[in-house]
Amino acid sequence: MPEKENIAPDILSRYGGNPIITLEDMPFRCNTVFNGSPVKIDGEYFILLRVEGQRGYSFFALARSPDGYQFTVDPEPVMAPSSGDDWEPWELHGIEDPRITLMDGRYYVMYTAVGIYGHFIALAVTDDMVNFTRLGIVSEPGNKDGVLFPEKINGLYARLDRPIGNEVGSIWVSYSPDLLSWGHSEIVMKPRPGCWDSFRIGASAPPIATDHGWLEIYHGVKKTSAGPIYKTGSVLLDRENPSMVLGRCLMPLQSPRNYYERVGDVGNVVFASGAILEDDGNLKVYYGAADTAICVATGHIDEIIAVSLESK
Ligand code: BMA
């Protein structure tokens, strides 16, 4: 009898050494480390980490690596929630889920500011990944998952975001002349009834320019009787009008399957938080596993584009 073929269940292949950053790698006491935003600068890899401290609110630390797999975390956090200044009310309960975009030679960080009025999208900028300048709170309350496009579209800055209205979490696009005031918002895509992304969706990685449109790696949530399940998906958006979906994957790129994705502070979560496109076309997708560790999985951009064109 022929041997049973072992079909990989996911389009993204997990790195064998996952998780790549855990609590044991942290040089200071904290609760968890997850949802980190990666960048590659002159061949060196950096991840701006979301760290949850023992008190329960989040802040950012920096990890560095020569190869994208073996990381060392800087001894001190690089960005803490503001205190004692005008920003304090907006960040009183922490700063979460940073997403870095390189634009015009500077690194812009969109993150979720959690304060006395709820969740907002906030924007900071850095030139060295260590010193961050806050630029503004850039959304109304109840918005998160902001990711900045790496270039202007029709003369305006653009971002994807995720306002919550009527409990529905969809992906929208907004535009700005100055990075601070945002508007002209349009719906991009909604949760798909009956599917793995039926409850909520949100942008995950900053959009990547391809010949087939903007490739967006997103997260989708399905509600089950045992709680939500977070998976990773992909979509292609028109380069000139990103509210136009050119293709959307039918199946997820990745689902929680391994122990470290199933079990943690929030189980059954793979939460993509950034991606690095290598010269050979491999896309390294960094993700938080069960809100407790950082992992990486890889897929070739051609295959990801092909599955993204399966549907609209
Ligand atoms: C989302 C965000 C993420 C988190 C995920 C799963 O709403 O808060 O930071 O990883 O839920 O808990």
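Before any of the text, the structure's been laid out above.
For the structure given in this document, a descriptive report is provided here. (Residues numbered from 1 in each chain as written. Predicted model: local features only at pLDDT ≥ 70, side-chain atom pairs only at ≥ 80, totals over all residues. Heavy atoms only, no water.)

**Topic: the site of the ligand**
At step 1: All residues adjacent to the ligand are N35, R50, D97, K144, Y230, V266, V269, F271 and D291.
At step 2: One nitrogen or oxygen atom from the side chain of N35 is found 3.0 Å from an oxygen atom belonging to the ligand.
At step 3: Within the side chain of D97, one N or O atom sits 2.6 Å away from an oxygen atom of the ligand.
At step 4: Contact with the protein chains removes 83% of the 300 Å² of surface that the ligand exposes when unbound.
At step 5: Judged by the proximity of its atoms to the pocket grid, the ligand belongs to the second largest pocket. (Near = heavy atom within 4 Å. Polar contact = N/O pair within 3.5 Å; in protein donor to acceptor, adjacent residues only side chain to side chain. Areas by Shrake-Rupley, 256 points an atom, 1.4 Å probe, with all protein chains shown as cover. 1 Å grid on protein atoms, 1.4 Å probe; cavity = no way out; pocket = protein on both sides within 12 Å on 5 of 7 lines; lining within 4 Å. Sits in = over half its atoms within 2 Å of the grid points.)

**Digging into the nonpolar core**
At step 1: L215, I217, L253, L283, Y287 and I304 are the most contacted members of the largest nonpolar core, which has 22 residues in total.
At step 2: Listed by contribution, the elements that provide at least two residues to this core are β17 (213–224), β20 (270–277), β21 (282–289), β22 (293–300) and α3 (301–308). (Core = buried A, V, L, I, M, F, W, Y, C linked by side-chain atoms within 4.5 Å. Buried < 20%, exposed > 50% of the residue type's maximum accessible area, 1.4 Å probe, protein only. Helix = DSSP H or I, 4+ residues; strand = E, 2+ residues; numbered from the N terminus.)

**Considering the pairing of strand β18 (residues 227–237)**
At step 1: Of all 11 residues in β18, eight are buried; the element is thus mostly enclosed.
At step 2: One ladder, built from 11 bridges, connects β17 with β18; its direction is antiparallel. Bridged to E216 within β18 is V235.
At step 3: Relative to strand β19 (residues 245–248), β18 is paired through three bridges, and the arrangement is antiparallel. (Pairing = 2+ DSSP bridges.)

**Overview of the layout of surface pockets**
At step 1: Considered as a void within the structure, the largest pocket measures approximately 410 Å³ in volume.
At step 2: Each residue belonging to the lining of the largest pocket can be placed in one class, and the counts come to 13 nonpolar, three polar and one charged.
At step 3: Taken as a whole, the second largest pocket spans an internal volume of roughly 290 Å³.
At step 4: In terms of lining residues, the second largest pocket is bounded by 18 residues, among which D97, K144, Y230, F271 and D291 are the most central.
At step 5: The class makeup of the residues in the lining of the second largest pocket is seven nonpolar, three polar and eight charged. (Points joined across faces, edges and corners; volume = space filled by probe spheres on them. Nonpolar A, V, L, I, M, F, W, Y, C, P; charged D, E, K, R; others polar.)

**Details of the sheet that holds strand β7 (residues 106–115)**
At step 1: If you walk across this open sheet you meet the four strands as β6-β7-β8-β9, and the pairing is antiparallel. A strand with exactly one partner marks an edge of an open sheet, and here the two such strands are β6 (95–103) and β9 (132–137). The mean angle between the axes of side-by-side strands here comes to 30°, regardless of whether they run parallel or antiparallel.
At step 2: In the sheet, strand β8 (residues 118–126) pairs with β9 via five bridges, with the strands oriented antiparallel. Each bridged residue has a counterpart across the sheet, and for T126 the counterpart in β9 is F132. (Axes fitted to C-alpha atoms, helices over the stretch in contact; angles between N-to-C directions.)

**Concerning the pairing of strand β2 (residues 32–41)**
Along any regular strand, the residues point their side chains to alternate faces of the sheet.
At step 1: Within β2, eight of the 10 residues are buried, leaving the element largely enclosed by the surrounding structure.
At step 2: Where β2 meets strand β3 (residues 44–52), eight bridges bridge the pair, whose relative direction is antiparallel. Its bridge partner lying in β3, K40 is registered against Y45.
At step 3: Linkage of β2 to β3, two consecutive antiparallel strands, is achieved through a turn of two residues, within which D42 is found at a positive phi near 50°.

**What to know about the pattern of salt bridges**
At step 1: Under the defined criterion, the tally for this structure stands at 16 salt bridges.
At step 2: The partner of R14 in a salt bridge is E261, with the nearest N and O atoms 2.8 Å apart. Taken as a pair, R14 in strand β1 (residues 13–14) and E261 in helix α2 (residues 259–262) lie far apart in primary sequence, 247 residues in all.
At step 3: The exposure class assigned to R14 is partly exposed, which follows from its relative accessible area of 21%.
At step 4: As a salt-bridge pair, R159 and D161 come within 2.9 Å of each other at their nearest N and O atoms. The pair formed by R159 and D161 is uniform in burial state, with each residue classed as buried.
At step 5: Through salt bridges with shared partners, a single network forms among D10, R14, R257 and E261. (Salt bridge = Lys/Arg side-chain N within 4 Å of Asp/Glu carboxyl O.)

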